[in-house]
Amino acid sequence: CSLANLAALPQRALDLGAAEIHLQAWGATAPAYTACGEALAALAPGQVVVKLPISRDGARAARQLIGSGTPVTLTAGYEPHQALLAAALDANYLAPYLGRLLDLGRDGHADLIQMQRCLEGLGSPLRLLVASLRQPSDLTTLAAAGLDSFTISPCLAAALFQVEATLAAAEQLEQDALANAG
């Protein structure tokens, strides 16, 4: 992971139609996160969203970057109160990890819905960018509660199309078309 290796990534994503690309900053201290975030943002100004952990140093760097107009996603959100911190910092996104919450034995869906309700109660424009979804029902449960931003894996994207009744109906339509094509 280096700036040189990441240099072509934003343009490639934008060429493929992405409106924005989220890139993780590194450095472990606020000054290092800030410097890395500035360098990442410079790769595609206004289209790179800098990702920072929602830690004390990440929040300090976020304050600096947001103050200079750089969009920020705060990552590794595990607690509902962290949505309040991210909103207070004027971050663009908070990225909670649903699967990891579930792995901890938590009701991750309820936690994320509580985060969303807090943001709605504040009238905050902060968006939850839910990561680590594992099954289609995760997506529908959260979308039904008003969450609207998700990162999904290729496996989950494929699973969205694997509905047996739909696949059977599509096959039957093909068979009917072939039978009546004569």
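Structure: see above.
Please read all numbers here as calculations on a predicted model, not as lab measurements.

**Structural notes on the pairing of strand S1 (residues 21–24)**
Consideration 1: Every second residue of S1 is oriented toward a common face, the buried set being Ile21 and Leu23 and the non-buried set His22 and Gln24.
Consideration 2: Judged from the four bridges that link them, S1 and strand S2 (residues 48–53) form a sheet pairing that is parallel. Bridge pairing links His22 to Val49 in S2.
Consideration 3: Taking the sense of rotation as the criterion, the β-α-β connection linking S1, helix H3 (residues 30–41) and S2 turns out right-handed.

**A word on helix H7 (residues 108–122)**
Consideration 1: With 15 residues, H7 should reach 21 Å at 1.5 Å per residue; the first-to-last C-alpha distance of 21 Å fits that figure.
Consideration 2: Gly108, His109, Asp111, Leu112, Met115, Gln116 and Leu119 are the residues of H7 that are buried.

**What to know about the packing of H7 against helix H8 (residues 136–144)**
Consideration 1: H8 packs onto H7 with a crossing angle of 30° between their chain directions and a minimal axis gap of 10 Å. Here H7 is positioned roughly parallel relative to H8, judged by the angle of their axes. Crossing of H7 against H8: the hand is right-handed. Contact residues: His109, Leu112 and Ile113 in H7; Asp138, Thr141 and Leu142 in H8.
Consideration 2: By residue class, the composition of the contact of H7 with H8 is three nonpolar, two polar and one charged.

**Observations concerning the environment of Ala165**
Consideration 1: Mapping Ala165 onto the fold places it in helix H10 (residues 164–179).
Consideration 2: By relative accessible area, which is 59% here, Ala165 ends up exposed.
Consideration 3: Considered as a pair, Ala165 and Cys155 are 10 residues apart in the sequence and their alpha carbons are 19 Å apart.

**Here's the deal with the side chain of Thr70**
Consideration 1: Here Thr70 lies in the loop between helix H4 (56–67) and strand S3 (72–77).
Consideration 2: On the basis of relative accessibility, which here comes to 13%, the residue Thr70 falls in the buried class.

**Let's talk about the side chain of Thr75**
Consideration 1: Checked against the element boundaries, Thr75 lands in strand S3.
Consideration 2: Taking the relative accessible area as the measure of exposure, Thr75 reaches 4% and is therefore buried.
Consideration 3: Not counting the four nearest positions on each side in its chain, Thr75 is found in contact with Gln24, Lys51, Leu52, Pro53, Ile54, Ala95 and Tyr97.

**A few points about the nonpolar core**
Consideration 1: If you look at the biggest cluster of nonpolar residues, it comprises 42 residues, and the most contacted ones within it are Leu40, Val50, Leu52, Leu74, Leu94, Leu112 and Val130.
Consideration 2: Counting residues per element, this core draws most heavily on H4, which supplies five residues.

What counts as what
- Residues numbered from 1 in each chain as written.
- Predicted model: local features only at pLDDT ≥ 70, side-chain atom pairs only at ≥ 80, totals over all residues.
- Heavy atoms only, no water.
- Buried < 20%, exposed > 50% of the residue type's maximum accessible area, 1.4 Å probe, protein only.
- Helix = DSSP H or I, 4+ residues; strand = E, 2+ residues; numbered from the N terminus.
- Pairing = 2+ DSSP bridges.
- Right-handed = clockwise from strand over helix to strand, strands pointing away.
- Expected span 1.5 Å × (residues − 1).
- Axes fitted to C-alpha atoms, helices over the stretch in contact; angles between N-to-C directions.
- Parallel < 35°, antiparallel > 145°, perpendicular 65-115°, else oblique.
- Left-handed = near helix turned anticlockwise from the far one by under 90°.
- Contact = heavy atoms within 4.5 Å.
- Nonpolar A, V, L, I, M, F, W, Y, C, P; charged D, E, K, R; others polar.
- Core = buried A, V, L, I, M, F, W, Y, C linked by side-chain atoms within 4.5 Å.

Shape is all these values report; function is a separate question.
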